[in-house]
Structures are given as C-alpha cells and as structure tokens.
Amino acid sequence: MAKLSVNINKVATLRNSRGGNIPDVIQVAKDCEIFGADGITVHPRPDERHIRYDDVYELKSELKVEFNIEGYPSSGFMDLVLKVRPHQVTLVPDPPEALTSSAGWDTKQNVGFLTDIVGVLTEAGIRSSIFVGTDLEVIEYAAKTGTDRVELYTEPYASSYSIVPAVAVAPFVEAGKFARELGLGLNAGHDLNLNNLAYFKQNIPWLDEVSIGHALISDALYMGLQKTIEAYKKCLI
Ligand code: PXP
C-alpha cells in the first residue's frame, strides 16, 4: 500500500485569511493522523502566506506520523529543515512568489547544487526526495545527486486522465520503472484526486507515497475529513 501524506497548506491558508486560529492547523494535522493519514506535508514559503515557520516547529513536536517538508532549498529553508529534522524533505524548484509548484527540476542543469543539498540532508539523517517530471534523463541525473527518492509531478497525468487514462499514465509508468531500476524510492503528487488516484496506483503498484492537498481538503468540505481520508486511502491499496 502506498502511503498517503496529507498536505495541510490549504488549511493554513484558510486560517490566515481571517487572523486568529480557526481552523487550528495543528489540530487538523493531529486529526488527519487519527483518521488514518500516514503522513503530513507542509510547504513553507518565505512569505509564510500559508504554513508559518512556527507551525512547522509545532507540527514536529506534535506529530507521530511521517513529516514531509517540501520547498525550494534556499538558505532559510535549509536552516529550518536542519533545525526541525523532518523524516523527509522534498526539494521543489519553484520561486518564492509561485502560486504552486508547476514543474519538476532540471536535474542536469542543477546537478551540482542538488548533490550538495542532498549531501547535507543525508548527513543530517533526513530522507531526500527530488520533484521531477517524467523525462528519463532528468531521473538519471536525480539519481546522480544521491537522493533517496524522486517525486513525480503528476499535473500532466491529472490533466489528461479524462481523455485517455492509459495514455496519460504511460510516461509515469516508464519513469517509475526507470527510477526503480536506479534504486530510487518513488513518490508522486500534484492534482491527484479521488477520480484519478486509484488508476495511478494500479499502474504503478511500487509507488511509495503520494502527497495530496488541494483536492483532498476540498473534498473534505463535502465529505468531512475522516471519510475523505478513508476514501483516498482506499485508492492506494
Ligand atoms: N507535491 C508538491 C511538490 C507540491 O508542491 C504540491 C502542492 O503544494 C503537492 C505535491 C500537492 O499538490 P495538490 O495540492 O495539487 O494535491
């Protein structure tokens, strides 16, 4: 079974829109854990417009499940993760002002930089994952950095799933197989939802973990958080 890491950034966005502490981000994370989430993901950005650095410290002390921090490895981000020491850090190439991540790394171009960052994380005992597209050369260069895992950027799968699912998933199966041959663990995320997730997992059964935020938190408005997490977990069997 692949692990479900719930990205709670949207919960922090809702809280920040009013000031105060409703909804309580830490309590939501703990409830996700109780409802069966295997992990919690956050994406702190330099402007702290959703998850704040303070949240990250508090989550580390409150959570029992796997904690994944994703973001661009700026010096501020690296200071934070080295202090917090989550189970996993996912390296994302997006600039600070980006609305959301919209592409994986050019690992060939950034191989030196990423190798240094992965080295620092490995030394600190933190599992590293590099956010990538399905280009095989990109995955080959990700492996050269010494990273433990790659996370496949699944927006292109999600956006073409409704046309021909088999065509949509094919490059991800190929990329996933190549990553496995290179000894890399495999995560996936972005725009996964209750319609497209089960098919993705069925076609890539060796998938280690997905991180899902936007659709899951939106579904929870209708279904409630517990039933939503249970429904996503069923897709990952
Ligand atoms: N993985 C990465 C690297 C991301 O940046 C995001 C969005 O924050 C996700 C996964 C989750 O995407 P979504 O919110 O569309 O589920």
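Look up a bit, the structure's there.
Residues numbered from 1 in each chain as written. Predicted model: local features only at pLDDT ≥ 70, side-chain atom pairs only at ≥ 80, totals over all residues. Heavy atoms only, no water.

## Considering the packing of helix α4 (residues 75–84) against helix α5 (residues 111–123)
Going by this rule: Here the axes come from fitting lines to C-alpha atoms, over the contacting stretch only for helices, and the angles between their N-to-C directions go from 0 to 180 degrees. Note on conventions: DSSP H or I runs of at least 4 residues are helices, E runs of at least 2 residues are strands, and numbering of each starts at the N terminus. For classification purposes, an angle smaller than 35 degrees is called roughly parallel, one larger than 145 roughly antiparallel, one from 65 to 115 roughly perpendicular, and anything else oblique. By convention, the crossing between two helices is left-handed when the near helix turns anticlockwise from the far helix through less than a right angle, and right-handed when the turn is clockwise. Here, residues are in contact when the closest pair of their heavy atoms is within 4.5 Å.
Running from amino to carboxyl end, α4 crosses α5 at an angle of 20°, the nearest separation of the two axes being 10 Å. By the angle class used here, α4 and α5 are roughly parallel. Crossing angle aside, the handedness with which α4 passes α5 is right-handed. For the pair α4 and α5, the contacting residues are M78, V81 and L82 in the first and I117, V120 and L121 in the second.

## Observations regarding the site of the ligand
Just so we agree on the cut-off: The cutoff for a nearby residue is simple: one of its non-hydrogen atoms must lie within 4 Å of the molecule or strand. Think of a polar contact as two N or O atoms within 3.5 Å of one another; within protein, one of them needs to be a possible hydrogen donor and the other a possible acceptor, and neighboring residues in sequence only count if both atoms come from side chains. Here, Shrake-Rupley sampling with a 1.4 Å probe gives the accessible areas, and only protein chains in the shown set may cover a residue. Residues were grouped as follows: Ala, Val, Leu, Ile, Met, Phe, Trp, Tyr, Cys and Pro as nonpolar; Asp, Glu, Lys and Arg as charged; and all remaining residues, including Gly, as polar.
Close to the ligand lie 15 residues, the nearest being S101, E151, D191, G213 and H214. In this structure, an oxygen atom belonging to the ligand sits 3.0 Å away from a side-chain N or O atom of E70. In this structure, an oxygen atom belonging to the ligand sits 2.9 Å away from a main-chain N or O atom of H214. Contact with the protein chains hides 93% of the accessible area of the ligand, taken as 400 Å² for the molecule alone. Of the residues in the shell around the ligand, the class split is 3 nonpolar, 9 polar and 3 charged.

## Considerations on the pairing of strand β3 (residues 66–71)
Keep this limit in mind: Exposed residues in this analysis have more than 50% of their type's maximum accessible area, buried residues have under 20%, and partly exposed residues fall in between, with area computed by a 1.4 Å probe over protein chains only. DSSP calls a pair of strands paired once it identifies at least 2 bridges connecting them. Looking down the strands as they point away from the viewer, one classifies a crossover as right-handed if the path from the first strand across the helix to the second runs clockwise.
By the criterion of burial, β3 is predominantly enclosed, with 6 of the 6 residues buried. Burial of the side chains of β3 extends over both faces: E66, N68 and E70 are buried on one face and F67, I69 and G71 on the other. Two elements, strand β2 (residues 39–42) and β3, share 4 bridges in a ladder whose sense is parallel. The residue of β3 that forms the bridge with G39 is E66. Handedness of the β-α-β unit built from β2, helix α3 (residues 53–62) and β3 comes out right-handed.

## A short note on the sheet that holds strand β1 (residues 3–7)
Taken together, the 8 strands give a closed barrel; going around it, the order is β1-β2-β3-β4-β5-β6-β7-β8, and neighbouring strands pair in parallel fashion. Going across the sheet, the axis of each strand differs from the next one's by a mean of 25°, ignoring polarity. In this sheet, strand β7 (residues 185–189) lies alongside strand β6 (residues 149–153) in parallel orientation, the contact comprising 5 bridges. Note that in β7 the partner of R149 across the bridge is G185. Of the strands in this sheet, β4 (88–91) and β5 (127–132) are in contact with α5, which crosses β4 at around 170°. This element, helix α8 (residues 165–181), spans β6 and β7 of the sheet and lies at about 175° to β6.

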